[in-house]
Every structure is written in C-alpha cells, then in structure tokens.
Amino acid sequence: MKASAPPQARRRRGPSLVVLALVVCSLLVPVAFLFFFSAGYGSDDRPQEEFAFHFSRLRPDKESEEVQHQVDEFREQPIPTIPEIGTQTTIQDSLSAVPKEIIVPPIQIPPPSVHVGVNYSQLSLHHTESNDTDDRGKRFRFSEELDRACQIEFGSYCLWSIERREFMKDAIVKRLKDQLFVARSYYPSIAKLQGKEALARELKQCIQEHEKVLSESIVDGDLPSSIAKKMERMEQAIAQARGSPVDCNNVIRKLRQILDLTEAEIHFHQVQSAFLYYLGVHTMPKSMHCLTMRLTVEYLKPLTSDPDGFSLEKFDMPKYRHYVIFSKHVLAASVTVNSTVMSSEVTEDMIFHVVTDALNYYAMKLWFSRHSFKEAAIHVINYEVVISQSYLRNIPRELFLSEEFRVSVHDPDMPPTKSRMEYMSLFSHSHFLLPEIFKNLKKVVLLDDDVVVQRDLAFLWDLDMGEKVNGAMSFCGIKMGHLRKYLGDNIYDAKSCAWMSGLNVIDLEKWREYKVTDKYLHLLEQYQDEGPTALRAAALPLSLLTFQNLVYHLDDSLTLSALGYNYEIDTDIVSRTASLHYNGKRKPWLDLGITAYKKYWWRFLTKEEQYMNDCNLHP
C-alpha cells in the first residue's frame, strides 16, 4: 500500500498548482485578446459605424430585421476596421430617367457600400501603351466605368480625389513590380521544362536584378541609369516564356492571386482615403469650434449684459421683410446675413431671424450683438425653447437643418450608363414648424446657411404666388413618379418635378389656411417608430408629399446650386447669379471646399474680429 504524502508536502503542492495556473492564464489571455481583435471584433477605438437605409425600409414591418441582418453582416467582415462610406440604395425603374441611387443623409460618417457597381475582376487594371484607336477607346470606357463605380460607392470623394490627383513619382517602380510578378508566375513552369534551361537561367537572373533594384528604390529618382536596359531584357525574357508550352492554369492561378491582392490593396486605400475625406467634411474645423466656444464663454461671464438691442415687438410685425435662417454655424449664418444686407439697397425694414439650437445659442447672440449689418435687425431664436412651449406633440424636438440627398440622375437623351451625380436639398422636420415659431408673420424668405446672396432680393416680397405656399427652385432631374417606391400609396402627380431648398419664399397665411403642418404630422406618423437615421431620411418623402401642388417654381436664374460638389461651373456665371447655394459636401468654410468658389463666400465674412484672430481663423 502506497504511503500518502505527508501533510507538509501537500500544503506546498497547493500553492505550486495555483502559480502554474496563473502562468498559463497569463500566456493564454493575451493570445485570445489578440485573436479577438485581429478578427475585427470588439474594438472600442473604431469609430461608430452607421448605415444609410433604403427608403423602402422606413415602413415598420420586417424591415428592421433586414437592417439588423445588414449590420450583422458588416460586423462579421474580417478586413475593414475603418468605417466604410456611402452605402447606396438603388432605384430600379423602367423609366429612362430614373435616379439610380439615393443616399440617406448621415448623422455621423456613413459606412461604405459593400457592393460596387462594376466587377473589377472582369477588367484589366494595367494599361499598356498602344497606338491602336480601339485600345484607346477601351481604356477610356474602362476609366469611365471605374469613375462611375467610385462615385456610386464614395460620392463626392471621387471628384475631390480626381482634382487632387498628383503626378506619380513611382510609375517606373510600379512597372518594375508588375514585370517581377509576371516573371515569378512563369519561372516555376519554365524551370521544369526540358531544353529551356537557358531561359530559366535568364528569368532567374532578371528576377534577382529586379529584386535588388526594388530593394534600393522607392521612387523613380532612386533607379539606376541602366534600368531601361534591365526592363527591356526582362520584357524579352517574359515574351519568350509566353511562347513556351507552359502549364497555363498554373500561370493564370498565380496572376489571379496577384490581381486579387492588388484589388484588395487598392480598395483598402480607397476606403481609408474616403473615410478621411468624409471625416474632414463632417467635422467642424478646430478654429471654428474654438470661435464658438470663446463666444459662449464670453457671453456667460457674469458682467456680460443681455446683448439684445432691438425691440421685441419689431420682430413680430408683418410689415417688415423677414428672413429666416436655420443654422448651427456662427460664421455660416453671419455670411448669409451679411451678403443679403450688402446686396440690398434698402435695409431699414430687414429683419433676420437666426434659428439655432441651445448649444450654439449664446455664441450666436454674442456674435450678432458685436457686429452691425447696416440698419438690419437680427433676432436669434433658441429653437428648443420655442418648441418646448408648443402645444404640438410627437414632433422632433431637436433642430434639424436642411437635409441633402445624393442622387444619380440619368438624362433621357443619354445612354443608360451615363449619369450625373447631384445633391438635392429639402426641408428638414424643423422647417415644418415655421407657423409655430412665427405666429404673427404672414410671409418669410427662407435661406439656408450655405447660401450667399449677390443681388437685391426685395422683389420677392412683391411676388404673387397665387394659391401656392412654397416658392422654390425646380429640380426636374427627378420627377415624383421616379420616387413612387418611396412615396408609398399617397396621392401625388407623377409628372411633377421635385424642388430644392436653399432660397424659398413661404406664404405663412396660405400655410395656415391649407393646414400644411397638420398634413406633415399626419404623414410623420408612418416614421415615428423608426430610428434617428430613418427619421432624417423621411425628410425626402415628407417634403415632397406635404407640398404636393403647393410649390411655386421660381426662376432658374435666381439661384445657382451645386457649388459644393460640381467643379465645372463657369466662374462668370457664378459672378452673375443672384444667389449661390453651396449644397453638397464641399462647404466653402472647409479646407476641402472647392477653391474656385471659396472667394464668393469669404468676401462677405467679417474682417478684423478679435475672436477670429485669437482662434487663427483666416481665409
């Protein structure tokens, strides 16, 4: 019978086992941690993904399960840890001018579309020099398809990347890598062939020379003077290898692997660059954030008096010309006000109502109290306070600015593959509460904060709109019938044009007579149970349906749109137009704004302002 271990030995064995267990855990936990994050899960540092939803998914049925399934699929993807950008919805329609995709306006940075309209695997990614006209035509069509696919997936980023495209400093280096890849794919098969020993030695020597050159060169300037001879020698060796009876399946497999790796690398860098672009256009510049904070702090100091210098009764008198601006951006609102005043001959009867949120209210108050705009009066309104006193229920209490939707418009006279990208801006939920904010006014002119006025708009007050409520610019690239999938079973004229916000003339008397707000609230009930993104997306059908047959189409020469994404607008036309609308992602106060159009915005910005100098805010 085996003797049991003495008690003292057993006591020593217990701590030893605990120590051993701790050592094992200390090794396994980091390994598990690294494996968990390398799979793309659980990263708290990754920016929050947010999907752009289909308008057809706004109805409260089983769509929420589809959206959740979409989100789950995205999270299970092993590669991108950078949020992807710009998920599109595709409108399949039999009409020739049907908009191809509509992007829901993002609250944060939207993720990229998983599917691209062009199958890159069926296209050659490498161009060869050729004098043949057909080859040039194929390359041109290929480039067009790639550009269109890029716009479908990434939107205005592609236009920006084309504008900022730089001359390649490593074009020859990339060609050397291509030759090296091809030579490596042929070499294993050539080395096994009888009678091809000389060719195998030549290929091997060329591969070694290329590897040596690439190890010492990053850009074309680093290459040796004899590189042209080396490339010609490699090209001849590859040509001989192509004429040899090699196993084509093996070569194709290796080339396919190289192509797949190259495609993955291209797409990754494209997503990465697009993410940084969208981060730039959605983030307030540091200097402007500094300005808002400095103004707010200054206003809240105990010794600061209330800066209102105008009689409150004046703000409710219908005999004055009332302009309304919804804005969360101090400088944007200031430029819109200043440009309108500077372009007007008579300013004594001008009143600007700047509607903002609680976060920016004090900064707006102090800014407009520090600056005078001729004889015009400025009234800053805290939207959240006004709405909290409203009798209306189940309405969005947050201030929303005009919503922008990216659409791809197809011209009937152009081939189906031809399309142009446009940004359509429409009223947000906050705009439908105008009669609640201005109960005593009869007529107002609505201006977006990305609008610059260059001509006197006084004639708009004499405009006879008949029985219409909303004077707006037409957007006939899209008809109501094209959006029937998103407008539901509601009654509407399929042939009527869509319209744009930016500069709108609103008859508040007709608004109250036709109970436009009640109609909006009735339609809003369809989207009350959806999330914030779907609620903002609902601005498109709500705006178009609520004002059906109530839109007075203003003259096309009154406003020039697309200055936030279109590079091809003639600057002479920009100078002559009565008002400019910077709709799109490239706002003029951003570094990413289109340079040619920035000057028309910056010239109306206040100069020699102390807080702007302190925050290093200059053109």
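Located above this text is the structure these notes cover.
Throughout, a residue's number is its position along its own chain's written sequence, starting from 1. With the structure being a predicted model, the display of local features is reserved for residues of pLDDT at least 70 and the display and counting of side-chain atom pairs for 80 or more, all residues being used for whole-chain, interface and lining totals. For the side-chain quantities, the full set of heavy atoms in the structure was used; hydrogens and water were omitted.

### Some words on the overall build of the chain
Stage number 1. Every helix listed is a DSSP run of H or I at least four residues long, and every strand listed is a run of E at least two residues long, numbered separately from the N terminus. Counting its secondary structure elements, the chain contains 21 helices and 14 strands.
Stage number 2. The buried label applies to any residue whose accessible area, calculated with a 1.4 Å probe on protein chains only, is under 20% of its type's maximum; exposed applies above 50%, and partly exposed to all values in between. By the burial criterion, 48% of the 619 residues in the chain qualify as buried.
Stage number 3. As displayed, the chain has an accessible area near 32,400 Å², and 54% of this comes from carbon and sulfur atoms. Every accessible area reported is derived by Shrake-Rupley at a probe size of 1.4 Å, with residue values counting cover from the shown protein chains alone.

### Concerning the pattern of salt bridges
Stage number 1. Throughout this description, the term salt bridge denotes a Lys or Arg side-chain nitrogen within 4 Å of a carboxyl oxygen of Asp or Glu. Here the structure, examined in full by the defined rule, presents 14 salt bridges.
Stage number 2. Here Arg233 and Glu209 are joined by a salt bridge, their closest N and O atoms 3.0 Å apart. Of this pair, Arg233 sits in helix H7 (residues 227-242) while Glu209 sits in helix H6 (residues 197-216); the two residues are 24 residues apart in sequence, bridging distant segments of the chain.
Stage number 3. Arg233 sits in the partly exposed class, given a relative accessible area of 25%.
Stage number 4. Of the charged contacts, one joins Glu513 and Lys510 as a salt bridge, the two residues approaching to 3.6 Å between their closest N and O atoms. Taken together, the residues span about one helical turn, with Glu513 and Lys510 both in helix H15 (residues 508-513) at a distance of 3 residues.
Stage number 5. On the basis of relative accessible area, Glu513 is assigned to the partly exposed category, the value being 48%.
Stage number 6. Under the relative-accessibility criterion, Lys510 is labelled buried at 15%.

### Details of the side chain of Thr292
Stage number 1. Mapped onto the elements of the fold, Thr292 is located in helix H9 (residues 286-299).
Stage number 2. Under the relative-accessibility criterion, Thr292 is labelled buried at 5%.
Stage number 3. Note on definitions: a residue-residue contact is assigned when non-hydrogen atoms from the two residues lie within 4.5 Å. The residues touching Thr292, leaving out its near neighbours within four places in the chain, are Val330, Asn360 and Ala363.

### Quick look at the nonpolar core
Stage number 1. By size, the foremost hydrophobic cluster in this structure holds 64 residues, and its most contacted members are Leu291, Leu331, Val337, Phe352, Phe368 and Trp601.
Stage number 2. The leading source of residues in this core is helix H10 (residues 330-342), at 7 residues.
Stage number 3. Ignoring anything within four residues of it in the chain, the contact list for Leu291 reads Leu331, Trp367, Tyr611, Met612, Cys615 and Leu617.
Stage number 4. Among the buried residues, those of types Ala, Val, Leu, Ile, Met, Phe, Trp, Tyr and Cys that are joined through side-chain atoms within 4.5 Å form a nonpolar core. Leu426, Met480, Ala498 and Val516 belong to the second largest nonpolar core, which has 53 residues in total.

### Some details on the environment of Trp499
Stage number 1. Secondary-structure assignment places Trp499 in strand E11 (residues 497-507).
Stage number 2. Measuring from C-alpha to C-alpha, the distance between Trp499 and Tyr552 comes to 9.6 Å, with 53 residues separating the pair along the chain.

### Examining the sheet that holds strand E10 (residues 470-479)
Stage number 1. A strand pair is defined by DSSP finding two or more bridges across the two strands. Strand order in this open sheet of 7 strands is E5-E4-E3-E8-E11-E10-E12, and the pairing throughout is mixed. Both outer strands of the open sheet, strand E5 (377-382) and strand E12 (551-553), are each paired with one neighbouring strand and no more. For this sheet, the mean inter-axis angle between neighbouring strands, taken without regard to orientation, is 35 degrees.
Stage number 2. Judged from the 6 bridges that link them, strand E3 (residues 321-326) and strand E4 (residues 350-356) form a sheet pairing that is parallel. Bridge pairing links Arg321 to Met350 in E4.
Stage number 3. In this description, a line fitted to the C-alpha atoms serves as the axis of each element, helices being fitted only across the stretch in contact, and the angle between N-to-C directions of two axes falls anywhere from 0 to 180 degrees. Helix-sheet contacts for helix H11 (residues 358-370) involve E4 and E5, and the interaxial angle to E5 is about 165 degrees.

### Things to note about the sheet that holds strand E13 (residues 559-560)
Stage number 1. Read from one edge to the other, the open sheet built from 3 strands follows the order E9-E14-E13, with strand pairing classed as mixed. What marks the edges here is a single partner per strand, and that holds for strand E9 (451-453) and E13.
Stage number 2. Examined bridge by bridge, E13 and strand E14 (residues 579-581) share 2 bridges and lie parallel to one another. Its bridge partner being in E14, Thr559 is matched across the sheet by Ser579.

### Section: the packing of H9 against H11
Stage number 1. The contact between H9 and H11 brings their axes to 8 Å, and the two run at 80 degrees. When the axes of H9 and H11 are compared, the pair comes out roughly perpendicular. Residue-level inspection shows Leu291, Thr292, Leu295, Thr296, Glu298 and Tyr299 of H9 in contact with H11, the latter providing Leu359, Asn360, Tyr362, Ala363, Lys365, Leu366 and Trp367.
Stage number 2. In the scheme used here, Gly and all other residues not listed as nonpolar or charged are polar, with Ala, Val, Leu, Ile, Met, Phe, Trp, Tyr, Cys and Pro taken as nonpolar and Asp, Glu, Lys and Arg as charged. When grouped by side-chain class, the residues that make up the contact of H9 with H11 number 8 nonpolar, 3 polar and 2 charged. Oblique is the label for any angle not under 35 degrees, not over 145, and not in the 65 to 115 range, which are roughly parallel, roughly antiparallel and roughly perpendicular in turn.

### Considering the state of the cysteines
Stage number 1. Note on disulfides: each one is a pair of cysteine sulfur atoms within 2.5 Å. This model, assessed by the stated rule, comprises 2 disulfides.
Stage number 2. Across a sulfur-sulfur distance of 2.1 Å, Cys290 and Cys615 are joined as a disulfide pair. A torsion of -70 degrees about the S-S bond marks the disulfide between Cys290 and Cys615 as left-handed. Taken together, the residues span a long stretch of sequence, with Cys290 in helix H9 and Cys615 in the segment after helix H21 (610-614) at a distance of 325 residues.
Stage number 3. Given a relative accessible area of 25%, Cys290 falls into the partly exposed group.

### What to know about the environment of Asp570
Stage number 1. Considering the arrangement of structural elements, one finds Asp570 in the loop between E13 and helix H19 (571-576).
Stage number 2. For the purposes of these results, a polar contact is taken to be a pair of N or O atoms within 3.5 Å, where, inside protein, one atom must be able to donate a hydrogen and its partner to accept one; residues adjacent in sequence count only when each atom of the pair is a side-chain atom. A polar side-chain atom of Asp570 sits 3.1 Å from the main-chain amide nitrogen of Asp572.

### Topic: the packing of aromatic side chains
The description of an aromatic ring pair rests on the distance of the ring centres and on the angle between the ring planes.
Stage number 1. Pairing of aromatic rings covers Phe, Tyr and Trp, the last through its six-membered ring, and needs centres within 6.5 Å; plane angles under 30 degrees mean stacked, over 60 mean edge-to-face, and all others mean tilted. Under the criterion given, the structure shown has 15 aromatic pairs.
Stage number 2. Arranged with centres 4.3 Å apart and planes meeting at 5 degrees, the rings of Phe432 and Tyr520 form a pair that is stacked. In this pair, Phe432 is assigned in the loop between strand E7 (420-426) and helix H13 (434-437) and Tyr520 in helix H16 (residues 516-524), connecting sequence segments 88 residues apart.
Stage number 3. Judged by its relative accessible area of 1%, Phe432 is buried.
Stage number 4. On the basis of relative accessible area, Tyr520 is assigned to the buried category, the value being 0%.
Stage number 5. Taken together, the ring pairs connect Phe427, Phe432, Trp499, Trp511, Tyr520 and Phe547 into an aromatic cluster.
Stage number 6. Lying across the ring of Tyr320, Lys314 places its NZ or CZ 5.3 Å from the centre. Each ring is checked for a lysine NZ or an arginine CZ that lies within 6 Å of its centre and within 35 degrees of its normal; such an atom marks a charge sitting over the ring.

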